[in-house]
Amino acid sequence: MHSPKLTAILSLIFGSGVSVALDNGLANTPPMGWNNWNAFACDVSEDLLLQTSERVVSLGLRDLGYLNVVLDDCWQDVNGRDKDGKVHANLDKFPHGLKYISDHIHSLGLKYGMYSSAGEKTCARFEGSLDYEKEDAESFASYGVDFLKYDNCWHAGRMGTPQISYNRYKVMADALNATGRPIVFSLCNWGEDYVHTWGMSIAHAWRISGDIYDSFSRPDDLCSCGTAADPFCIAPGTHCSVLFIINKVAPFVDRSIRGGWNDLDMLEVGQGGMTDEEYKAHFAMWAALKSPLMLGNDLRSIPAEALTIVNNPAIIALSQDPLPQSVARVRRDVGGSLVPDEFGNAEAHVWSGRLQNGDQAVIFFNAAGAEITMRATLNEIFVADGPGGSAPQVNSAWAVHDLWAHRMKTETAKALLEAEEDTGRLTVLREANWYNATETPFAEGLKKGDPRLFGVKVAEIAARGAFETVVPSHAAKVFRLRRIATPETESQKDEL
């Protein structure tokens, strides 16, 4: 844990705009967008990409930062590489080629992403990029790719130490850079070989676990680590729950930096396997933990309730806050009086993290099987700035703002989904006074104090006091604490 002095120094560095990772100006906040894999796997086509990109725009998602439309595996010609070592698109699925799709996506003000693997084959058994990095990077650049998801299947045994994995992935990083095209590089090596210690040297994001699936807490043998935080647990597979991934990333949340992010995998919101409260908790935790936010459902048939989760600007503002600092877990209660859920999980967390303007994000996360009352003191909330109540922030009073209070009404979302013309959808969004990050970027809106990004005040915490709230089972309460200004606290603020 950083000392208060080091925390202040890091805040000054981050706040100055200095990039500490690749220093190439890409992914200065966690990337956002959509990826087809969770909902469609190999069932991809030109129509799917074009229809989805149109939907990203018409539902107002582009204007909340969801800019990347990413084509995952199975785009390749089944005949493999040509005589020049190039992989081409499957023309049955993409009859006009991939540059055509890219051009259409770009014409909508979006970015185009693609997929390959740092192996002999991709995870779906198509041609991988191992030892063909130069050829494939040149192809991606020629298609107009802006984002590359780079997987870990069929790696020919080139793993087992950080150096081996680093070297394997660095070849593609160098090849992408050599094209001259700015391409966000997202590693999908499942957390192997301590990627959280070296990923930021060559990439903009790195996966920290096996693949997510649409469950809040169900354990599965395919996600086989018995101890989620064990860094020696390799090849963790698939079917990793939301709870598993959160526990996996907890020990190294501080490794994310500007331009380089812990990737908790794609979002499952709207897939149908979780409750509304579970999806809200899933989305809010991914945002506050500074994971890339990649929608993984079919946007052409997204439920209204799911749309009102992923389009909440007050939650997205945690992700896109200019300070590249994740929330951290300040308390974890396991067992005791907590009632286990159907899978035997009985735990509750408090997460807390500083925001650029001095506000504090606080999340009460209940993974137990029954509703509980959760409580946290200012000493706990600000422990990163000084243990034992030594943080100067504990001497201030704080206003508590509920970040789900301005969630879009379901009726509004239904009207948005049912509108047949773009003009009708724009009218719905305008009448709802919905936030538009294309017009006002989140950093600017936060600086101006736009109320749509700050939730609704629901309580106050006295200096050196505590706050408690009731949290349903498998849910999270998400708050932004805002300092209540007094002459004394203003002088303390200057000391931070």
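One can find the structure itself at the top, above this paragraph.
Anyway, here's the lowdown on the structure attached to this text. (Residues numbered from 1 in each chain as written. Predicted model: local features only at pLDDT ≥ 70, side-chain atom pairs only at ≥ 80, totals over all residues. Heavy atoms only, no water.)

Some details on helix α13 (residues 410–418)
- Listing the buried residues of α13 in full gives Ala413, Leu416 and Leu417. All buried residues of α13 fall inside an arc of 95 degrees around its axis, so they share one side. Facing away from the buried side of α13, by more than 90 degrees, are the exposed residues Glu411 and Glu418.
- Residues of α13 that are buried sit in contact with α3 (46–58), α10 (304–310) and α14 (422–431). (Buried < 20%, exposed > 50% of the residue type's maximum accessible area, 1.4 Å probe, protein only. Helix = DSSP H or I, 4+ residues; strand = E, 2+ residues; numbered from the N terminus. Arc of directions from axis to C-beta. Contact = heavy atoms within 4.5 Å.)

Here we look at the nonpolar core
- Grouped together as the largest cluster of nonpolar side chains are 116 residues, with contacts concentrated most on Tyr66, Leu98, Phe283, Trp286, Trp351 and Phe365.
- At eight residues, the largest contribution of residues to this core is made by helix α9 (residues 276–288).
- Excluding anything up to four places from it in sequence, phenylalanine 365 contacts Phe216, Leu243, Ile246, Ala281, Met285, Glu347, Ala348, His349, Trp351, Met374, Ala475 and Ala476.
- Ranked by size, the runner-up nonpolar core spans 23 residues in total, among them Phe364, Met374, Ile461 and Val471. (Core = buried A, V, L, I, M, F, W, Y, C linked by side-chain atoms within 4.5 Å.)

Remarks on the packing of aromatic side chains
- Within the structure shown, the criterion is met by 12 aromatic pairs.
- With 5.9 Å between their ring centres and 90 degrees between their planes, tyrosine 166 and tryptophan 198 make a pair best called edge-to-face. On the criterion of sequence distance, the pair formed by tyrosine 166 in helix α6 (residues 162–179) and tryptophan 198 in helix α7 (residues 195–202) is long-range, its members being 32 residues apart.
- The class for tryptophan 198 is buried, based on a relative accessible area of 6%.
- An aromatic cluster is present here, built from Tyr150, Tyr166, Tyr169, Phe185 and Trp198 joined pairwise through their rings.
- The ring of tyrosine 132 has arginine 81 sitting right over it, with the charged end atom 4.0 Å from the ring centre. (Phe/Tyr/Trp six-rings, centres within 6.5 Å; stacked < 30°, edge-to-face > 60°. Lys NZ or Arg CZ within 6 Å of the ring centre and 35° of its normal.)

Some thoughts on the state of the cysteines
- The final tally for this structure, using the stated rule, is three disulfides.
- The disulfide that involves cysteine 123 links it to cysteine 153, with 2.0 Å between the sulfurs. Residues cysteine 123 and cysteine 153 are joined through a disulfide that is right-handed, its torsion about the S-S bond being 95 degrees. Remark: cysteine 153 occurs in the loop between β4 (147–151) and α6 and cysteine 123 occurs in the loop between β3 (111–117) and α5 (133–143); sequence separation between them is 30 residues.
- By relative accessible area, which is 23% here, cysteine 123 ends up partly exposed.
- Across the disulfide from cysteine 223 sits cysteine 240; the S-S distance is 2.1 Å. As the torsion about the S-S bond is roughly 95 degrees, the cysteine 223-cysteine 240 disulfide counts as right-handed. Residue cysteine 223 is found in the loop between β6 (205–207) and α8 (242–249), and its partner cysteine 240 is found in the loop between β6 and α8; the two are separated by 17 residues along the sequence.
- On the basis of relative accessible area, cysteine 223 is assigned to the buried category, the value being 8%. (Disulfide = S-S within 2.5 Å.)

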